[in-house]
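Listed here are the chains, written in short residue letters.
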Amino acid sequence: KQWYQRRVRVEPAHGVRSLSFQGDIITVGACKTSLMFYDVRKRAYITDHHSSPIRRQLKHGFVAETWDYHMHRTAFYPLSNSHVISIMTHCYDDSGLRLFAAGGPLTLELVGNYAAVWE
């Protein structure tokens, strides 16, 4: 057998936080509450009709507005808190039709969570 390594590229600002495998599809959980889908057979992300990778941007999670939150937001993300939440885990149900995703703030000082089921 011949073994090879293939890197699945993700935009640097997103960063990979979780992976799951469903048949020939790798689902990538990332920062900024996003999920992306990579087709192993085609060696490419699944794209829309504009040839852009399909990225499911999930709704904002909860982040407690503590002192640390305000200091972090002012220093790093002055415009929005949408990039604070990361998808840390996700999995498909046995049928492969529903996807559970959960996560929270990437920064240790922040308190919060995110959870959703996609059908």
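This text follows the structure it describes.
*Asks:* I keep staring at the packing of aromatic side chains and nothing clicks. Help me out?
*Replies:* Note on aromatic pairs: each is described by the distance of the centres and the angle between the planes. Here the structure, examined in full by the defined rule, presents 1 aromatic pair. Plain terms: the ring middles of Tyr-38 and Tyr-45 are 5.3 Å apart, the flat faces sit at 85° to each other, and that makes the pair edge-to-face. For Tyr-45, a relative accessible area of 15% puts it in the buried group.

*Asks:* What exactly am I supposed to notice about the pattern of salt bridges here?
*Replies:* Pairing is possible between side chains that carry opposite charge, provided their charged atoms lie close to one another. All told, the structure shown has 3 salt bridges when counted by the stated rule. Where Asp-24 meets Arg-41, a salt bridge forms, and the shortest distance between an N and an O atom there is 3.0 Å. Within this pair, whereas Asp-24 is found in the loop between strand S1 (16–22) and strand S2 (25–30), its partner Arg-41 is found in the loop between strand S3 (34–39) and strand S4 (44–45), the two being separated by 17 residues in sequence. Here the residues in one salt-bridge network are Asp-24, Asp-39 and Arg-41, joined through shared partners.

*Asks:* Just checking my understanding: could you explain the pairing of strand S8 (residues 99–105) for this structure?
*Replies:* Two faces, one strand: in a regular strand the side chains alternate between the faces of the sheet. Here S8 lies mainly inside the structure; 6 of its 7 residues are buried. The turn linking strand S7 (residues 85–92) back onto S8 is made up of 6 residues, and Gly-96 within it adopts a positive phi angle of 80°. Here 5 bridges tie S8 to strand S9 (residues 112–118), and the two strands are oriented antiparallel to one another. Residue pairing across strands places Ala-101 opposite Ala-116, the latter belonging to S9.

Criteria and thresholds
Each chain has its residues counted from 1, following the order in which its sequence is written. Local features in this predicted model are restricted to residues whose pLDDT is 70 or higher, and side-chain atom pairs enter the listing and the counts only when it is 80 or higher, whereas totals over whole chains, interfaces and linings include all residues. Based on all heavy atoms of the structure, the side-chain values leave hydrogens and waters out of the count. The pairing test for Phe, Tyr and Trp rings, Trp by its six-membered ring, is centres within 6.5 Å, and the orientation test on the planes gives stacked under 30 degrees, edge-to-face over 60, and tilted for anything in between. Only protein chains enter the area calculation, which uses a 1.4 Å probe; residues under 20% of their type maximum are buried, those over 50% are exposed, and those in between are partly exposed. The term salt bridge refers to a side-chain nitrogen of Lys or Arg lying within 4 Å of a carboxyl oxygen of Asp or Glu. In DSSP terms, a helix is any run of H or I states spanning at least four residues, a strand is any run of E spanning at least two, and both are numbered starting from the N terminus. We call two strands paired when DSSP finds no fewer than two bridges between them.

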